[in-house]
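# Overview (structure and organization)
The primary structure of each chain is shown beneath.
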Amino acid sequence: MLNNADEIVDIVRQRWKQGKRPDGSIIGEYRNFAYAMLKQQQNPLANGNVDLILDGGLNKNLVVNHLHGSLFNIFSTDNKAVSIAEKYGLDVYGLSADEEIEVINEAKKRVYDKSFEFINL
């Protein structure tokens, strides 16, 4: 499962660029209108909403942590990670049900491909 950790965190990164939570709702709105407009110019994909990609540290440091069996979590080693979770919720680091299915299907495909290679040796 962790062989595709880069693809897993990429799913979260792409969603953050759109300013979205796993359920499709926005992460948040900026209280300062001028700042929201600046963010809109920097990243039009998020429509001026919170996108969690300002300096890149948070998303560059996203990691997949193996928990047990096929369970894992996604978090960032960036020093802002905990404060982001407190401010916007821990769910911003998660996957939607559809994204989980996508990850599982990709893992199944890789196992199938490896099994097929092994059988054909």
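Because the structure is a prediction, the values reported are computed rather than measured. (Residues numbered from 1 in each chain as written. Predicted model: local features only at pLDDT ≥ 70, side-chain atom pairs only at ≥ 80, totals over all residues. Heavy atoms only, no water.)

Moving on, we come to the overall build of the protein chain. Across its full length, the protein chain holds 5 helices and 2 strands. Summarising its shape, the C-alpha atoms of the protein chain cover approximately 60 × 25 × 25 Å along the three principal directions. Counting over 121 residues, the protein chain shows a buried share of 36%. Across the protein chain, every contact between residues at least 6 apart in sequence was considered, and the portion connecting residues at least 24 apart equals 51%. Total accessible area on the protein chain stands at roughly 7,900 Å², and carbon and sulfur atoms take up 56% of it. Each charge sign in the protein chain was given a centre, from 14 positive and 17 negative side chains, and these centres are 4 Å apart. (Helix = DSSP H or I, 4+ residues; strand = E, 2+ residues; numbered from the N terminus. Buried < 20%, exposed > 50% of the residue type's maximum accessible area, 1.4 Å probe, protein only. Contact = heavy atoms within 4.5 Å. Areas by Shrake-Rupley, 256 points an atom, 1.4 Å probe, with all protein chains shown as cover. Lys, Arg positive; Asp, Glu negative; His and termini not counted. Charge placed at Lys NZ, Arg CZ, Asp CG, Glu CD.)

Trp16, Leu52, Ile74, Val92 and Tyr93 are the most contacted members of the largest nonpolar core, which has 21 residues in total. Looking at this core, the elements that each hand over two or more residues are helix H1 (5-17), strand E1 (62-68) and helix H4 (81-88). Per element, the largest residue contribution to this core is 6 residues, and it comes from H1. The contacts of Leu52, once residues within four sequence positions are left out, are Trp16, Ile27, Leu58, Asn59, Ile84, Tyr88 and Val92. (Core = buried A, V, L, I, M, F, W, Y, C linked by side-chain atoms within 4.5 Å.)

Locating Val50 in the fold gives a position in the loop between helix H2 (33-42) and helix H3 (57-60). A C-alpha to C-alpha distance of 8.2 Å links Val50 and Ala36, two positions 14 residues apart in sequence. Residues in contact with Val50, not counting those within four places in the same chain, are Gly19, Ile27, Gly28, Glu29, Tyr30 and Tyr88.

This part covers the packing of aromatic side chains. The tally for this structure, following the rule as stated, stands at 3 aromatic pairs. Plain terms: the ring middles of Tyr30 and Tyr35 are 4.9 Å apart, the flat faces sit at 85° to each other, and that makes the pair edge-to-face. Ring pairing ties together the aromatic residues Trp16, Phe75 and Tyr93, which thus form one cluster. (Phe/Tyr/Trp six-rings, centres within 6.5 Å; stacked < 30°, edge-to-face > 60°.)

A few words on the pairing of strand E2 (residues 71-76). Pairing between E1 and E2: 6 bridges, direction antiparallel. Along E2, the bridge assignment pairs Asn65 with Asn73. The turn joining E1 and E2, which pair antiparallel and follow one another in sequence, is formed by 2 residues; a positive phi near 60° is taken by Gly69. (Pairing = 2+ DSSP bridges.)

Mean pLDDT over the protein chain works out to 89, with 96% of the residues at or above the 70 mark. Here helix H5 (residues 97-119) stands out as the element of the protein chain with the lowest mean pLDDT, 81, in contrast to H4, whose mean of 96 is the highest. (pLDDT = per-residue confidence, 0-100.)

Time to look at the environment of Tyr35. Checked against the element boundaries, Tyr35 lands in helix H2. Residues Tyr35 and Ala81 lie 46 residues apart in sequence; the distance between their C-alpha atoms is 21 Å.

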